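Spelled out, the chains give:
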Amino acid sequence: MKMNLRFNALKVAELEKTFNQPIENIISDMRLDTLATIVSKGYVDEENDKVGCSISVAYDKITEYLKESENGKQDLVLDIIDEFIEEGFLPKAMKNTREIVNNKMKEVQTLMN
């Protein structure tokens, strides 16, 4: 499952203002309240062709997502990072972030077994 997100300059500026940090710092914070705020700014409601939702809807969407996710919040953070890269708010050089993280997770799982 992939969270359907879309960000523009206004949404990113709102996030940076809310957290008083650049987007590069915000994405390193995996707390649920941070993730919910990010999702509330970028969630795409395809039925109503609308971007953005209330914070309570964002928490509901995160709950649904996490139930289906293999790696929990890590997958959600990677979806968010992927979208910021796609929209040009993070460097394209970060495109392999998901692959690097997944490889590290495999290493950790191997060590734990």
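Residues numbered from 1 in each chain as written. Predicted model: local features only at pLDDT ≥ 70, side-chain atom pairs only at ≥ 80, totals over all residues. Heavy atoms only, no water.

A. Fine view of the packing of helix H1 (residues 9–19) against helix H3 (residues 32–42). At a minimum axis separation of 10 Å, H1 and H3 run at an interaxial angle of 155°. Looking at the two axes, H1 sits roughly antiparallel to H3. Considering only the axes of H1 and H3, their crossing is right-handed. Facing Lys-11, Glu-14, Leu-15, Thr-18 and Phe-19 of H1, the residues of H3 in contact are Thr-34, Thr-37, Ile-38 and Lys-41. When grouped by side-chain class, the residues that make up the contact of H1 with H3 number 3 nonpolar, 3 polar and 3 charged. (Axes fitted to C-alpha atoms, helices over the stretch in contact; angles between N-to-C directions. Helix = DSSP H or I, 4+ residues; strand = E, 2+ residues; numbered from the N terminus. Parallel < 35°, antiparallel > 145°, perpendicular 65-115°, else oblique. Left-handed = near helix turned anticlockwise from the far one by under 90°. Contact = heavy atoms within 4.5 Å. Nonpolar A, V, L, I, M, F, W, Y, C, P; charged D, E, K, R; others polar.)

B. Geometry of H1. Listed in full, the buried residues belonging to H1 are Lys-11, Val-12, Leu-15 and Phe-19. All buried residues of H1 project into a common sector of 100° when viewed along the axis, lining one side. Exposed residues pointing more than 90 degrees away from the buried face of H1 are listed as Ala-9, Leu-10 and Lys-17. Buried positions along H1 lie against helix H2 (23–26), H3, strand S2 (50–51) and helix H5 (73–86). The N-cap residue of H1 is Asn-8: its side-chain oxygen and the backbone nitrogen of Leu-10 are 3.1 Å apart. Just downstream of H1 lies Asn-20, where phi reads positive at about 55°. (Buried < 20%, exposed > 50% of the residue type's maximum accessible area, 1.4 Å probe, protein only. Arc of directions from axis to C-beta. Polar contact = N/O pair within 3.5 Å; in protein donor to acceptor, adjacent residues only side chain to side chain.)

Keep in mind these numbers describe shape, not what the thing actually does.
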